[in-house]
Each structure stands twice: as C-alpha cells, then as structure tokens.
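Listed below are the residues making up each chain.
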Amino acid sequence: MASTNSKTFVQDLPTPEPETPCRPRQPYRFSTLCATVENPSQKDQYGSSSVPIYQTATFKGVDGQYDYTRSGNPTRSHLEHHLAKISSAAHAFVVSSGMAALDTILRILKPGDEVIAGDDLYGGTNRILGYLKTHGGVAVHHVDTTKPDTLLPYINPEKTAMVLLESPTNPLLKIVDLARIAADIKERAPNAVIVVDNTMMSPYLQRPLEHGADIVYDSATKYLSGHHDLMAGVITCNRDDLAKQMGFMINAAGNALTPFDCFLLLRGSKTLAIRMDRQQATTMLVAQMLDRLGFKVHYPGLAEHPNRDVHERIADGYGAVLSFTTGDKALSERIVGATRLWGISVSFGCVNSLISMPCVMSHASIDPATRAARGLPEDLIRLCVGIEDPADLLDDLERALLEAGAITLTAGGDSHQRYVRTIPSEGTAISRAVQKLAFNESAAFTTERNEDREWFVSAPGKVILFGEHAVVHGVTAVAASVDLRCYGITTPRHDGKVSVHFIDIDDFTQEWGVDDLPWDAVTSVRVGDFHPDTLDQKLVDAITTRALSPEVIAKPSARQACIAFLYMYMIMAHGGKRPSVNFSARATLPVGAGLGSSASFSACAATALLLLYSRIQLPAQPAPTTSDHVHVSHEGRRAIPPAFAEEVNRWAFVSEKILHGNPSGVDNSVAVFGGALSYTRPGFGRKAGMIPIQGFKSLKFLLTDSRVPRNTKQLVAGVAALKEQEPEFVDGLLNAIQQISDEAQRALADPQLSRQTLLSALSALIDENHGYLVKLGVSHPSLEAIRSKTASPQYGLSTKLTGAGGGGCAVTLVPDDLSESRLRELMAALSTDRFVPYLTSVGGSGLGILSPYNQPQPLVTPPESPREGEAGAVELLSDTFAGKATADLSAWADSLGRWLFV
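Residues numbered from 1 in each chain as written. Predicted model: local features only at pLDDT ≥ 70, side-chain atom pairs only at ≥ 80, totals over all residues. Heavy atoms only, no water.

Novice: Where do I start with the packing of helix H3 (residues 98-106) against helix H4 (residues 123-135) in this structure?
Specialist: Axes are the key here: two packed helices are described by the angle between their axes and the distance separating the axes. Two numbers describe how H3 lies on H4: the axes approach to 11 Å, and their chain directions differ by 30°. It follows from the interaxial angle that H3 and H4 lie roughly parallel. Between H3 and H4 the crossing geometry is right-handed. Packed against H3, whose contacting residues are Met-99, Leu-102, Asp-103 and Leu-106, the element H4 presents Gly-124, Thr-125, Ile-128, Leu-129 and Leu-132 at the interface. (Axes fitted to C-alpha atoms, helices over the stretch in contact; angles between N-to-C directions. Helix = DSSP H or I, 4+ residues; strand = E, 2+ residues; numbered from the N terminus. Parallel < 35°, antiparallel > 145°, perpendicular 65-115°, else oblique. Left-handed = near helix turned anticlockwise from the far one by under 90°. Contact = heavy atoms within 4.5 Å.)

Novice: Just to check I follow, could you spell out the packing of helix H18 (residues 597-612) against helix H20 (residues 666-673) for this structure?
Specialist: Running from amino to carboxyl end, H18 crosses H20 at an angle of 55°, the nearest separation of the two axes being 8 Å. Our classification of the angle between H18 and H20 gives oblique. As H18 packs across H20, the resulting crossing turns out to be right-handed. Residues Ala-599, Ser-600 and Ala-603 of H18 form the contact with H20, whose participating residues are Asp-667, Asn-668, Ala-671 and Val-672.

Novice: Sorry if this is basic, but what is going on with the sheet that holds strand E3 (residues 139-143) here?
Specialist: Note on sheets: strands pair through backbone hydrogen bonds, and any given pair is parallel or antiparallel. Spatially, the 7 strands line up as an open sheet ordered E1-E7-E6-E5-E4-E2-E3, and their pairing is mixed. A strand with exactly one partner marks an edge of an open sheet, and here the two such strands are strand E1 (91-95) and E3. Looking at each pair of strands side by side, their axes are set apart by 20° on average, direction ignored. Bridge count between strand E6 (residues 215-219) and strand E7 (residues 233-237): 5 bridges; the pairing is antiparallel. Bridge assignment links Tyr-217 to a residue of E7, and that residue is Ile-235. Its contacts with the sheet place helix H2 (residues 74-86) against E1 and E7, and it is angled at close to 125° to E1. (Pairing = 2+ DSSP bridges.)

Novice: Even after reading the chapter, I still don't get the environment of Val-196, so can you show me in this structure?
Specialist: Its location among the elements puts Val-196 in strand E5 (residues 193-197). If sequence neighbours within four positions are ignored, Val-196 has contacts with Leu-165, Leu-178, Pro-208, Ala-213, Ile-215, Val-216 and Tyr-217.

Novice: Looking at this structure, how should I read the packing of aromatic side chains?
Specialist: What describes a pair of aromatic rings is the distance from one ring centre to the other and the angle between the planes of the rings. The full count for this structure, using the stated rule, is 18 aromatic pairs. Centroid distance Trp-519 to Tyr-569: 6.0 Å. Interplanar angle 55°. Geometry classified as tilted. Taken together, the residues Trp-519 in the loop between strand E18 (508-513) and helix H15 (537-546) and Tyr-569 in helix H17 (residues 556-571) connect sequence positions 50 residues apart. On the basis of relative accessibility, which here comes to 13%, the residue Trp-519 falls in the buried class. Between the aromatic rings of Phe-565 and Tyr-569, the centroid separation amounts to 6.2 Å while the plane-to-plane angle is 20°, which identifies the pairing as stacked. With Phe-565 and Tyr-569 both in helix H17, this residue pair falls 4 residues apart, about one helical turn. Residue Phe-565 is classed as buried on the basis of its relative accessible area, which comes to 0%. Judged by its relative accessible area of 0%, Tyr-569 is buried. The lysine or arginine in question, Arg-453, covers the ring of Trp-455, its NZ or CZ lying 4.7 Å from the ring centre. Arg-578 extends its terminal NZ or CZ atom over the ring of Trp-519, reaching a point 4.0 Å from the ring centre. (Phe/Tyr/Trp six-rings, centres within 6.5 Å; stacked < 30°, edge-to-face > 60°. Buried < 20%, exposed > 50% of the residue type's maximum accessible area, 1.4 Å probe, protein only. Lys NZ or Arg CZ within 6 Å of the ring centre and 35° of its normal.)

Novice: Please explain the pairing of strand E19 (residues 581-587) as it appears in this structure.
Specialist: Two faces, one strand: in a regular strand the side chains alternate between the faces of the sheet. Burial runs high along E19: 7 of the 7 residues are buried. Going residue by residue along E19, you find Val-581, Phe-583, Ala-585 and Ala-587 tucked away on one face and Asn-582, Ser-584 and Arg-586 tucked away on the opposite face as well. The pairing of strand E16 (residues 477-492) with E19 spans 7 bridges and is antiparallel. Note on E19: the bridge partner recorded for Cys-486 is Ala-587.

Novice: Is there a simple way to explain the environment of Leu-595 in this structure?
Specialist: By the secondary structure assignment, Leu-595 is in the loop between E19 and H18. A C-alpha to C-alpha distance of 8.6 Å links Leu-595 and Gly-808, two positions 213 residues apart in sequence.

Novice: Sorry, what's going on with helix H25 (residues 820-832) here?
Specialist: For an α-helix, 3.6 residues make a turn, and residues three or four places apart therefore share a direction. A rise of 1.5 Å per residue sets the reference length of H25, with its 13 residues, at 18 Å; its end C-alpha atoms lie 18 Å apart and thus fit the reference within 8%. Of the surrounding elements, those touching the buried residues of H25 are strand E22 (699-705), helix H24 (781-791) and strand E25 (836-842). Two residues or fewer after H25 comes Arg-834, characterised by a positive phi angle close to 75°. (Expected span 1.5 Å × (residues − 1).)

Novice: Before we go on, may I ask you to explain H2 in this structure?
Specialist: With 13 residues, H2 ought to run about 18 Å at 1.5 Å a step, and its terminal C-alpha atoms sit 19 Å apart, in line with that. Counted residue by residue, H2 has 12 buried out of 13 residues, so it is predominantly covered. Turning to H2, its buried residues number three or more, namely Pro-74, Thr-75, Arg-76, Ser-77, His-78, Leu-79, Glu-80, His-82, Leu-83, Ala-84, Lys-85 and Ile-86. Against the buried residues of H2 lie helix H1 (30-35), E1, helix H6 (202-205), E7 and helix H8 (259-269). Where H2 begins, the capping side chain belongs to Asn-73, and its oxygen is found 2.9 Å from the backbone nitrogen of Thr-75. In the segment just after H2, Ser-88 is the residue with positive phi, at about 55°. (Polar contact = N/O pair within 3.5 Å; in protein donor to acceptor, adjacent residues only side chain to side chain.)

Novice: Got a minute to help me understand the pattern of salt bridges in this structure?
Specialist: Side chains that differ in sign of charge can pair as their charged atoms come close. Evaluation of the coordinates by the stated rule reveals 31 salt bridges. We note a salt bridge from Asp-177 to Arg-313, for which the minimum N-O separation is 2.9 Å. Here Asp-177 is found in the loop between strand E4 (160-166) and helix H5 (178-188), whereas its partner Arg-313 is found in helix H10 (residues 308-314), with 136 residues between them in sequence. Here Glu-511 ties to Lys-497 by a salt bridge, and the two come within 3.1 Å at their closest N and O atoms. Placement of the pair is Glu-511 in strand E18 and Lys-497 in strand E17 (residues 497-502), with a sequence separation of 14 residues. (Salt bridge = Lys/Arg side-chain N within 4 Å of Asp/Glu carboxyl O.)

Novice: It is not clear to me how the sheet that holds strand E10 (residues 343-344) should be interpreted in this structure. Could you clarify?
Specialist: Ordered in space as E8-E9-E12-E11-E10, the 5 strands form an open sheet in which the pairing is mixed. The outermost strands of the open sheet, each flanked by one partner alone, are strand E8 (296-298) and E10. Taken together, the 2 bridges between E10 and strand E11 (residues 354-356) define a ladder with parallel strand orientation. Bridging across to E11, Ile-344 finds its partner in Ile-355. Strand contacts of helix H11 (residues 329-338): E10, E11 and strand E12 (381-384), with the helix running at about 25° to E12, the strand carrying the most contacts.

Novice: What is the right way to look at unusual backbone geometry in this model?
Specialist: Most peptide bonds take the trans configuration, and most residues that are not glycine carry a negative phi. Omega for the peptide link from Ser-167 to Pro-168 comes to -5°, which places this bond in the cis form. Relative to the elements of secondary structure, Pro-168 occurs in the loop between E4 and H5. Phi is positive for His-494, which is not a glycine, with a value near 60°. In this fold, His-494 is placed in the loop between E16 and E17.

Novice: Is there a simple way to think about the pairing of strand E15 (residues 455-466) in this case?
Specialist: Along E15, 12 of the 12 residues are buried, which leaves the element largely enclosed by surrounding structure. Pairing analysis gives 11 bridges linking E15 to E16, with the strands arranged antiparallel. In the strand pairing of E16, Lys-462 is matched with Ser-481.

Novice: Can you walk me through the environment of Val-310 in this structure?
Specialist: Position of Val-310 relative to the elements: it lies in helix H10. Relative accessible area serves as the criterion here: at 10%, Val-310 is assigned to the buried category. Put simply, Val-310 and Asp-177 are 133 residues apart on the chain and 6.1 Å apart in space, counted from C-alpha to C-alpha. When residues no more than four places from it in sequence are discounted, the contact partners of Val-310 are Ile-175, Val-176 and Asp-177.

Keep in mind these values describe shape, not function.
Structural data, given as structure tokens:
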C-alpha cells in the first residue's frame, strides 16, 4: 500500500442522473464528496456557496424545523449530513469533543452490562471505562483485540452489551480485524453493540460501518478538522434505534456542537483527502528512515508490521501516526526535547507535526503497572506527521536524534560516512564492543562487495495499456511492466578509468580518465539528501562540452546515455571516492519502440551506481529455517525494501530528465516498482499522481514492433493542434478515454472479477480505446495492418497502439484459451510481414538485483582473480554478458543464482 492512499474509494451514494442512457455518470470519489457540501433538503435561500453560520440560540415561530440550537441548528444539520455522506452512514451527530462522543455512546449501557475493550486504547478511553467500572456497575474486560480468538471466552450472549475497538490502536498501531470480530460477536451475542474509535484513520482511510460496526466515533479535533482550532466529536451509525437513543441523549445533555465550531469543522473536512495524502506520504518516509537506523518502529506501512495484510484489507491507507522505541526513557526524552519543527504536544491530526511520549502525556492516566502489563513501553515516542516539507521534517528529526545521542556519524572501511544507531545502554565495555563489531562487519561487507565486485541489475520495460496521448491532457493513463527487461552490469577496472558499453546502440563503447572528468563543475548530493527538482545544468553542460568527443555528440542516443551515466556517476560521488568501473547495458526490449527502454536503462544505471557508492544497502539474508523458526521462501520477490526502491526511483527519474527533458515519471516508476499503476498529470482538476493498482493479475500480451520510427513530439503537437481547432470534438474523445481508464482500473483491481470476465472486458476496452486514438490521428498504416492481422477470424484478438503511436509498437491481448500452435502461427505471420512480435507477460516484478549471497558460481572480481595468463583464470560476468545472444540473455541471467526483486 503506497506513501500515499493506495486505493480509490467510491462512495455508494446517489449521484446526478445520467445525461444519456449510454453515458451514465460514475459515483463520485471520496475527495469529491469531501469538497462538495450539498444537502438537497436544505437549499440556501440566497444560493450561498459556503454554509452560513446560524449564530443564534433560538428561532422564531411555532412548529418550525428549528426552535432552540441545543436541539437543532441549520449549520449543524449541514455538517451532520456531510459527515454521514463521507462515512457511509445513515446518521451522524456532532458533539463538543471526541470524549463527549464516547460518553454519549456509553450512556446506552446499564448496570450489569459487560464491555469487551482492547488493551491498547487512548488514555481518555481507559479513564472513562474505569469510571464506569467503579461507579456504573459495568464490567469491562480488556483483551488483546489483535487476536480475535482472545475475545471469545468473554462473550456472554446475555450480558455482553458492547465491544469497543480501535484500529490501528493508539499508540502502538496494533491492527485489529474489525470485520472478523464483528462477525464473531454478531454470531455469539447478536444484541451487542460494536463500537469503533476511528480517529486514527478518519473516514478517508477507513469506514468501519462497512465492516460490521454498529457505531463509529471520531475525535473531529484531529483529522476531520485538521487545524487544531476547535474541539469536536462525531458519531455515525446506520441503525435507526441507536440513532434515536443517542440523539435523545445529546439533546438532553446539551453537548451538541456550537454553530461556529460546526462551520469550522465543515470547512476543515473539505480538505481531509488532500491533507491526509501529504501526511501519509511523509509518514512513510519518516518510518523508513527510523527503521533503516535500527529503531523498533510501529507503523502499518512497513512490510514487517504485524497484521499488515489485515489492515490493507479493511483500510485504504496507512495513516499519519507512527511510534518507535529507543531502549532508554531518558534518551527518548532528550530526542523529544531536541526537535524544533516537531511540536511537543498531545493529540494528532493537525497540519503541523507533533511529537510526544505517550506514557508521560496522553496515556499518563494509566498507572505504570497497567501500562507495563499491556506492553506499553515507557520509552515510546509518538510522531504525528503534518503537511510540512518532508525534507525539513526528516532533517529536524535526524538532527534531534544526533543531538540526543541516539545516532552517531561514523565512517566505515569504504570512507562512506553514515549515521548508525548507538547502543542505548550506559556505555558498558560489552555494549561498545558489540556496537563496534556490528559496524565493522557492515563496513567489511561494503568494502569487499560494493567497489570490488560486479553488480548485475535488471529492470522491466513498460506498456501503456490505456490513456496514451490523452494523458498529456489530464486523462489518467494505465501502465504496467512487461517481462522484457534491460540488464546492466558494473565491472571494476582498477586502472583509473571509467567506461560504458551500450550494446544495443550499435555496440557503442567509450572510456574516460576518471581524473579528466570535469569535477570542478560538480555540486555533490549528500548521502541521504534528495536530488533537487531541477538538473544541475552547469554539470550537464560541462559533461557535454568537456567530456564528450564530437563523434559521441553526433550520435544522439549514445550521447544522452553517456551524459545520464556520467552525471549520476559524478554527482553521487562522496568522500573522495571515484571508482574505476565499466558499465555495460543491453536489453531484450526493442529500443525506441515506446516500451520504456530508456526508463529501464535509467533504473539499471541508477541502481548500479547507488550500490557502487554504498548509498543503498541490500538487506541481510533472512534467518534460515531451524527447529524454532520457519523461513518462507518468496523466490526473491519483495526482497528489496521500499526505501531502497524509492531511492532508486528518484535517481532513475533524474536520468530520465536528462534523456527526455520533461518526463512524467510513469516509465521509471514502472521500471522500479513493477506491477501496474495509474497516472494523472497535475493541473487538470483531477487528483494527480501515481497510484499502484493493487491485486493486478498477470496478463499475457503480444507486443509487435512495427519497425516504423516515431516522432513523439510531432504526434503530441498534432493532437494539441487538433484540440485547438476542434475543442469540443477532442474533449469528447478525451472524456471517453478517461472513462475507459477508470473502467480498466476498477476491473484490474477487482479481486472478485472472474478471469474470463476480466479478459472479455479488457478486450472490449482495447478496441474502444484504439478507435478514439485513430480519431485523434495518432495511428499509422503499419499499426492498422498489425491490428487487422490479429483481428482476422482465425485469431479474433483485440489490438491497439501503445505509446505515442505513429509507428512503434502495437499491443495485443492474448486470452488464456488461445492455443500455443495458433499463437505461433500468428507470430510467424507477423514476422512474414516484416514486423517483430514479442510474447510477454504484463504486471510482473520490477527492479531486480542478482543476490550477492550464496551464489551457485563465484562472482570473481579482478583483485581476487588470477592474473592474466595464470592457470585458473575465471571469466568475468561482463565478458559473457556482452557475447550472449539476445534470445538467450534472460535465461542466462536467471541461471546465475537468486535474484532479489522489488
């Protein structure tokens, strides 16, 4: 699940009627619902675009809808209607705080009732439950709700009146299977009311009513408001009887939200989605940084977080709260005190980032013995991430960790300075020895493996399945990886030179003296820092004018590839390290056919250089299977951690900027992460960015290279000119393509859609999409010939152009029931027509690295190899790599050992 909201929520609420029977409107997405405040039953008499504040205690007249603001107010009614809409609820109530909301709910209970609650709840929740237990005659059972079976012994069909849940919990971020527990409770105690505190997620990321909850409450002080300028609580439910009880209690107690606070909350809720998208993305970066440093981090977005699969099933994102332990309470206090941007405060959900120690702040009301019994560490630090610039937040936290003594800057055997976590003991000799040993082992691995070994990497190409060309005008494109790959290999030279060998570009080779490169033009990017948004044009110009010969400049493809490689090689350099190395690259992809060959090259070059400079480190081998532990092999899948992949992707995007000027970022993202994603350009009124398509099923496609060169810029300009001449016509086509992309995303991500239905739907969408592209004028006779051949009666397949069109490649969906003989016959027919067909699977793994661990054959590097002419000399991988036939390249690479993939 992405730094960002990985799923698109579609609210099942009425939307405007279809304008025509053929073009029905789709239900509005969550962010649209957030921003759109519309109550059909309460139209403003003056057409106000913002709900007015009815700042009045009483209303004149008899038998009107409102008489006294404690009982009802138009501003409050608008807000409650809006919150019910975005919460999948029939009823919503707003009260003076989150705890007032819980108090209202708990008034349903009576003496003798029993409540089952979690053991990792908000401190205020524990406080009020303790009061009920002592003074209200209500029995409360605290259990580990992360294990649904632990609730079963406490369920009493006659006495269990309420189950109080929270997921993720606060502050340990434990994940609770809301759907399973709800089903278990309803089966064994049908009259029990299931209540969920959803404050940590908000309705944007999780809607527990959809998973069996009876009542959901939020402290709207947090994310729903987002600015910490009001106190409010929200209660939602679908049951009329519960709504009647709680509505009566709110009116009787008089704790409904004031009109002015209703206005503020309504205003804040409009930006809920956009705020949380930013907060989630930054939280993932913070969690990855702390995890990389070796702290115990509690965050559902990390791959090893317990019950992460459960969370991904019931929620649409990972949230913006995390916690971590340091091993020492005093150390944690120093860290909290050393921050500057992170405000020391209780609460969360604000646009400003906050830091706290729950055991001495929000959870201090729980006595220490109870905290210990429930596994709440005294040294726990909670981070609540806001919308500040991620780089500033990371830098501030890193400085606080350094100032507090939680990390230290040290140098390994490769002259690479890095932060390492300090041992949080009182400085015993044993602890210092263990720390030194651990670092020296890491440094030894770096020295031996990174600079003095061959690194073999690969990355997939991509295919645009839907939305090409239209993506330039704000339409969502759907792209996926193909199992045709680019491969790159670095080989040590140890002769003071750096060189490249681009086998697919006319077997191009070039070498430079390392010290002859224009180092005076370099402004290095520090380890751990991000490359600026813009290229260092001074360095680009220096490489072009001082490092490239006229012969290289005369070869555009080789020239740009050289500049991209040298740019990264030089700007990544640090600590005086300038390795002498050769980089060779080749692909099973057709180059220049619109299948992302440049992006896969960029991913390979960036990965190889990041490894060479020790800017990224491969994870250690997992523990093997023993009598006490079972290791489950995933054949290298997901072995490369997200932080590693994200760093590669950032640098691959830098390379793409050099190669293409203004890339979208789609191609390099697919090359690194694999699978499938949707992409929407910013600036067109839709939610911009890239969203992974979760659950994408691998599909078989035939990619056919027309062998006709493309002029992408000319084709894009042609569509732009047509739009200027006939805007209504082109806009109609673009809207139709957007509907195709939306439909394709839903189909590809639907786990319950049968394979046959999926293939049938995609086939129809492919034909429809191609028809619109033809009308945009971006097809080519060669592509139409390929399409005609594949659609002939003996095959009956659906084909469309992919990429810019005007030549390049066509993509044909291959159904599961097409026989191998018929497929070979089609490929032979296409080859006869001088086209080049490639059979490939779509949606597979992303970036790959040949594992340095336990190779079946040694990867011998020059310092370890016998000298030339000596017996027993071993051929380098790069030598075999250059000579392998393209058809044999993938199989040879796979035979070398275990590959690690994103």
